[in-house]
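Residue-level structure breakdown
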Amino acid sequence: MNTTVKASSKLFVGLTNQNQVRGMATLKDLKVRLGTVQTISKLTKTLHMVASSKLRSAEKKAEELGAFNVGPSKLLSEIKSNEALDQLEQGTTFAEDRSNKQLVIAITTDTGMCGPVNHQVVKACKALLSKDTEDKMIASTTGLKGTAPLATDYPKKLLFGGRDFGKQDYSFPETLLFLNEIIAKIPNFDNAVIVYNKFKNALSYSVDALFIPGFNLMEQHRDKFYTYQTTEDRAATMKDLSEFYLASAFWASLYQNRASEMAGRMVSMDNASKNGESISQGLSLQYNRARQAMITSELIEITSGAAAIEDSN
Amino acid sequence: MFRTVFTRSSTLLNNKTAFVASGKRFYADAVKSEDLLTFSLVLPHQTIYKDKKAPLITLPGAKGVFGVAKDHIPKIAELKPGVMQINHEDGKEEKFFLSGGFAFINPDNTCYVNAIEAFPIEQLDQEAVKKGLAQYTQAYNDATEETAKAVALIGLESYQQMAYACGVSV
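Residues numbered from 1 in each chain as written. Chains lettered and ligands numbered in written order. Predicted model: local features only at pLDDT ≥ 70, side-chain atom pairs only at ≥ 80, totals over all residues. Heavy atoms only, no water.

- According to the UniProt record, the Subcellular location (unreviewed entry) comment for chain B reads "Mitochondrion inner membrane".
- Word for word, the UniProt comment on chain B under Sequence similarities (unreviewed entry) is "Belongs to the ATPase epsilon chain family." (UniProt positions renumbered as here; feature names shortened; annotations may be inferred.)

- Looking at an unreviewed UniProt entry, one finds chain A named ATP synthase subunit gamma, with Polysphondylium violaceum as its source organism.
- The UniProt entry for chain A carries the following text under Subunit (unreviewed entry): "F-type ATPases have 2 components, CF(1) - the catalytic core - and CF(0) - the membrane proton channel. CF(1) and CF(0) have multiple subunits."
- In its Sequence similarities (unreviewed entry) section, the UniProt entry covering chain A states "Belongs to the ATPase gamma chain family."

Here it is in structure tokens:
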């Protein structure tokens, strides 16, 4: 279906090109273009203003709500790869059946116009997925902007994309529902990787991949928790903890990404409105020149007409 | 000379007010800041306390209520719905109702309490608690399916704890 649409759109472009008047753009064309550019500039300027006002609260939230992840990450952030699992011999018994699956969760936004924020995440995700030759990874995204590019390149590896997720503001129950959907499909993941934009300041952010160990991996790193006492049912606590850490890390990353998104939008919309301004300046110059040329030629026509009448008299 | 010293110290001992004063000072020294636990109470959408010092906090663990003071054994504990009590430095007590979560007690005398929801217990509505308790008791008795029964039990236990917290007789 896509090819037919493409073909027909090509045909359409060809047709319009044929009909186009050659030579200098007319005064009306220029005026229409000038109007469009000015409207777009207005839009980008508004977006810039909205983003910069939202940035402050997003920044504050990213900082404040990040506290939710401090406790768990202090405990678990030391585990950075699942080598411990891969080094084990065949036939080792695990605390639970090993799924051999890794979750890749990309945090992207629903709306665009925010510079390279989503592009960077998608690029990092694709880099991760391209290394995966044994078909171990399962990707899922929040936001529309990540779903489409991942679905075209890795349709089999994409589990699902959360559309309209956190459209207003992220809520924790909604986040849990989203993660529950993933965990219901792959209940005993080896590890999860959350790809998001880590917020630094209003002008800079960078892609970060957060490593979340699954239950089996945590059991392999048991020595790290020897000092910690747990309840009698240690395995159940650790299983719950692995899922809890996934949720808390995901929650903190969501807000980091939201702040980065606002920063990205602010910068890119500022650039866009500057560009729009310079284009509209150029266009209005061209428009005025064309208008003046028209007036001059009309004047010449009138005066020469008058001169011709005088001459004939 | 010895005599004077001895008499002086004995008068000090006999002087009751001086003795009480020094005793008080001793008590104040006991709650020095290095003898306190550093704890954080965080919710997903709010940070209630961050790196706050307190002599003692009491948490509703899944396997029973336990208190945490300085030099508590490092622990990872799941929390169930229940009351968390904070004994502040100034002797005041504050009680929160937690909906459950995790508590991490680290070897460096820090404690992170990650709850999903927390409210001061004064904010619990007794009428609503009574209503909820009746509703979930009914649901638990009616439930035949295993999952429905488990869900009802969770609700029932939460409301029982709430009733206990705000003094509604069960």
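Having put the structure on the table, let's press on.
Here we look at the overall build of chain A
- Summing up its helical and strand segments, chain A has nine helices and five strands in all.
- Reading the secondary structure of chain A in the N-to-C direction produces α-α-α-α-β-α-β-α-β-α-β-β-α-α.
- Taking 20 Å as the expected radius of gyration for a compact globule of 313 residues, we find that chain A reaches 29 Å, considerably beyond that expectation.
- Dimensions of chain A along its principal axes, counting C-alpha atoms only, are 120 × 45 × 30 Å.
- In chain A, which comprises 313 residues, the share counted as buried stands at 42%.
- In chain A, the share of contacts with a sequence separation of at least 24, taken over all contacts with a separation of at least 6, comes to 76%.
- Surface exposure of chain A reaches about 17,900 Å², of which carbon and sulfur atoms provide 55%. (Helix = DSSP H or I, 4+ residues; strand = E, 2+ residues; numbered from the N terminus. Rg over C-alpha atoms; globule rule 2.2 N^0.38 Å. Buried < 20%, exposed > 50% of the residue type's maximum accessible area, 1.4 Å probe, protein only. Contact = heavy atoms within 4.5 Å. Areas by Shrake-Rupley, 256 points an atom, 1.4 Å probe, with all protein chains shown as cover.)

With respect to the pairing of strand 9 (residues 110-115) of chain B
All names here are of chain B.
- By the criterion of burial, strand 9 is predominantly enclosed, with six of the six residues buried.
- Taking every second residue as pointing to the same face, both faces of strand 9 are buried, with T110, Y112 and N114 on one and C111, V113 and A115 on the other.
- Both strand 1 (residues 37-43) and strand 9 contribute to a ladder of five bridges, which runs parallel. Bridge pairing links T38 to T110 in strand 9. (Pairing = 2+ DSSP bridges.)

Considerations on the domain arrangement of chain A
- What the domain assignment lists for chain A is domain 1 (3-54 + 269-312) and domain 2 (68-261).
- A C-alpha centroid distance of 49 Å is found between domain 1 of chain A and domain 2 of chain A. (Domains from an automatic or database assignment.)

A look at the interface of chain A and chain B
- Listed per partner, the contact involves 24 residues of chain A and 23 residues of chain B.
- When chain A packs against chain B, the two sides together hide about 2,200 Å² of surface, and 66% of this comes from carbon and sulfur.
- For the chain A face of the interface with chain B, the top three residues by lost area are F68, Y228 and Q229 of chain A, together amounting to 26%.
- Applying the counting criterion to the chain A and chain B interface returns one salt bridge. (Buried area = accessible area lost by both parts, 1.4 Å probe. Salt bridge = Lys/Arg side-chain N within 4 Å of Asp/Glu carboxyl O.)

Re the UniProt feature "domain: ATP synthase F1 complex delta/epsilon subunit N-terminal" (unreviewed entry) in chain B
- The UniProt record annotates "domain: ATP synthase F1 complex delta/epsilon subunit N-terminal" (unreviewed entry) at residues 37-109 of chain B.
- Secondary structure across residues 37-109 of chain B divides into 0% helix and 67% strand, with the first and last C-alpha atoms of the span separated by 6 Å.

Some remarks on the confidence of the model for chain B
All names here are of chain B.
- Per-residue confidence for chain B averages 82 on the pLDDT scale, and 80% of its residues sit at or above 70.
- Low pLDDT, under 50, characterises residues 1-29; the stretch is placed with one contact to residues that sit more than four places away or in other chains.
- For this predicted complex, the interface score ipTM comes out at 0.77, alongside a pTM of 0.82. (pLDDT = per-residue confidence, 0-100.)

Focus: helix 5 (residues 117-131) of chain A
All names here are of chain A.
- A rise of 1.5 Å per residue sets the reference length of helix 5, with its 15 residues, at 21 Å; its end C-alpha atoms lie 22 Å apart and thus fit the reference within 8%.
- Along helix 5, the residues classified as buried are V117, N118, V121, V122, C125 and L129. The buried residues of helix 5 occupy an angular sector of 115 degrees when projected down its axis, which confines them to one face. Opposite its buried face, helix 5 presents the exposed residues H119, K123 and K131, each directed more than 90 degrees away.
- Here the buried face of helix 5 lies against strand 1 (102-107), strand 2 (137-142), helix 6 (144-153), strand 4 (191-201), strand 5 (204-213) and helix 9 (234-312). (Expected span 1.5 Å × (residues − 1). Arc of directions from axis to C-beta.)

Here we look at the environment of E93 of chain B
All names here are of chain B.
- Here E93 shows up in strand 7 (residues 93-98).
- Remark: the alpha-carbon pair of E93 and T47, spanning 46 residues in sequence, is separated by 19 Å.
- In this view, E93 contacts Q85, I86 and N87; residues no more than four positions away in its chain are not counted.

Quick look at the packing of aromatic side chains
Residue and element names in this part refer to chain B.
- A full pass over the atoms with the stated rule returns 15 aromatic pairs over all chains.
- Judged by centre distance (6.4 Å) and plane angle (80 degrees), the ring pair of Y49 and F96 falls under edge-to-face. Remark: F96 occurs in strand 7 and Y49 occurs in strand 2 (residues 46-54); sequence separation between them is 47 residues.
- Since its relative accessible area comes to 16%, Y49 is described here as buried. (Phe/Tyr/Trp six-rings, centres within 6.5 Å; stacked < 30°, edge-to-face > 60°.)

Considering the sheet that holds strand 3 (residues 158-162) of chain A
Residues and elements named next belong to chain A.
- Overall, mixed pairing links the five strands, which are arranged 3-2-1-4-5 in an open sheet. Lying at the two open borders of the sheet, with one neighbouring strand each, are strand 3 and strand 5. Shown here is a sheet whose adjacent strand axes are inclined to one another by a mean of 20 degrees, direction ignored.
- As paired elements, strand 4 and strand 5 share 10 bridges and run antiparallel to each other. Among the inter-strand pairings, Y196 is bridged to a residue of strand 5, identified as D208.
- Sitting on the sheet, helix 7 (residues 172-185) touches strand 1, strand 2 and strand 3, and the angle it makes with strand 3 is about 165 degrees. (Axes fitted to C-alpha atoms, helices over the stretch in contact; angles between N-to-C directions.)

Quick look at the confidence of the model for chain A
- On average, chain A scores 86 in pLDDT, and the residues at 70 or more come to 91%.
- Here residues 1-23 of chain A is modelled with pLDDT under 50, and outside its nearest four sequence neighbours on either side it reaches zero contacts, counting other chains as well.

Remarks on the packing of helix 2 (residues 27-65) of chain A against helix 9 of chain A
All names here are of chain A.
- Between helix 2 and helix 9, the shortest axis-to-axis distance is 6 Å and the interhelical angle comes to 160 degrees. It follows that helix 2 is roughly antiparallel to helix 9 by the angle criterion. The crossing of helix 2 and helix 9 is left-handed.
- Looking at the contact of helix 2 with helix 9, its residues break down into 23 nonpolar, 11 polar and 11 charged. (Parallel < 35°, antiparallel > 145°, perpendicular 65-115°, else oblique. Left-handed = near helix turned anticlockwise from the far one by under 90°. Nonpolar A, V, L, I, M, F, W, Y, C, P; charged D, E, K, R; others polar.)

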